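# Understanding the architecture of this molecule
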Amino acid sequence: MSEIKKILERLRTFTVPELCDGLPLYHVMDHEIKPRVGSTHIVGTAVTVDVPSGEGGIVADAILSLKPGDILVVSGKGNCECSYWGDHRSLCAKMMGAEGVIVDGAFRDIEGCENVGFPIFAKGLTCGTAQKSGVGAINVPVACGNQVVMPGDIICADRNGVLVMRPEEALEAMAKSLDKKQRQEATVREMIETGKVMTKIKKSV
């Protein structure tokens, strides 16, 4: 197993809030981008798509570049008046072995998407489609949910939100998160052993 795959597997054992505790601020996408279909906890490496608002044709080309474990990040400029994703794209991405898709915008065909079960994190749901002229770029730096995402960045997403980090930040984030958790557990143990927990409970009743 490659080093990055080992890191991704370790990251799966953390929630997004726990990882946030090990990172500086401003690593999290807009709070409106939430899990809409499929697994509510995904971890993988970013394949980015930059599209003009309301244009989604090149997303289909990006799906063909996906590898197992990739997460497609669609910079839809927050446009929820049209959809950048649907059930056919979910099926194709699932067949490519991708981990999930993050859409800074809307998707559609929710019944079909639910049948496919491919994880979709998106800002909204709508019925209209986007334009399909093919304008845009694949695997370039993008802004998604007010976060800069570089191709190959690590994406960790769950019901709390979507976190973006550089691969070189991952080990330190996990180490700091574990350190905080251990310190908190030690404090709780000390409070229990010294009776401070019961004292605190009695005061709050």
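Being a predicted model, the structure only gives us computed values, none of them experimental.

### Considering the packing of aromatic side chains
Going through the model one piece at a time under the given rule, you end up with one aromatic pair. Taken together, a centroid distance of 6.2 Å and an interplanar angle of 20° make the contact between Trp85 and Phe118 stacked. Taken together, the positions of Trp85 in the loop between β3 (70–83) and α4 (87–95) and Phe118 in the loop between α5 (110–116) and β5 (120–125) put the pair 33 residues apart, joining distant regions of the chain. Across this residue pair, the class does not change: Trp85 and Phe118 are buried.

### As for helix α1 (residues 3–11)
Within the span of α1, buried status applies to Ile7, Leu8 and Leu11. Seen end-on, α1 carries its buried residues on one side only, within an arc spanning 100°.

### Concerning the environment of Pro24
Looking at where Pro24 falls in the secondary structure, it is placed in the loop between α2 (16–20) and β1 (34–37). What makes Pro24 exposed here is its relative accessible area of 55%.

### Quick word on α4
Along α4, the residues that are buried comprise Arg89, Ser90 and Ala93. The buried residues of α4 occupy an angular sector of 105° when the element is viewed end-on, so they sit on one face. Away from the buried face of α4 by more than 90 degrees, exposed residues His88 and Met95 are located. The secondary structure elements touched by the buried residues of α4 are α3 (58–64), α5 and β5.

### Details of unusual backbone geometry
In this structure, Tyr26 takes a positive phi of about 70° despite not being glycine. We classify Tyr26 as exposed; its relative accessible area is 71%. Notably, Asp109 is not glycine yet its phi reads approximately 60°, a positive angle. With respect to the helices and strands, the residue Asp109 is situated in the loop between β4 (100–107) and α5. For Asp109, a relative accessible area of 28% corresponds to the partly exposed category.

Basis of the calculations
- Residue numbering note: each chain is counted from 1, following its sequence as written.
- With pLDDT at 70 or above as the cut-off, local features in this predicted model cover only qualifying residues; side-chain atom pairs require 80 or more to be listed or tallied, and sums for whole chains, interfaces and linings still use all residues.
- For side-chain calculations, the full set of non-hydrogen atoms in the structure is used, while hydrogens and water are omitted.
- Ring geometry is summarised as follows: Phe, Tyr and Trp rings, the Trp one being its six-membered ring, pair when their centres sit within 6.5 Å, and such pairs are stacked at plane angles under 30 degrees, edge-to-face over 60 and tilted between the two.
- Segments assigned H or I by DSSP are reported as helices when at least four residues long, segments assigned E as strands when at least two residues long, and all are numbered from the N terminus.
- We call a residue buried when its accessible area falls under 20% of the maximum for its residue type, exposed when it is over 50%, and partly exposed in between, using a 1.4 Å probe and counting protein chains only.
- In this description, the arc belongs to the directions extending from the helix axis to the C-beta atoms.
- The contact rule is simple, with two residues in contact once any of their heavy atoms fall within 4.5 Å.

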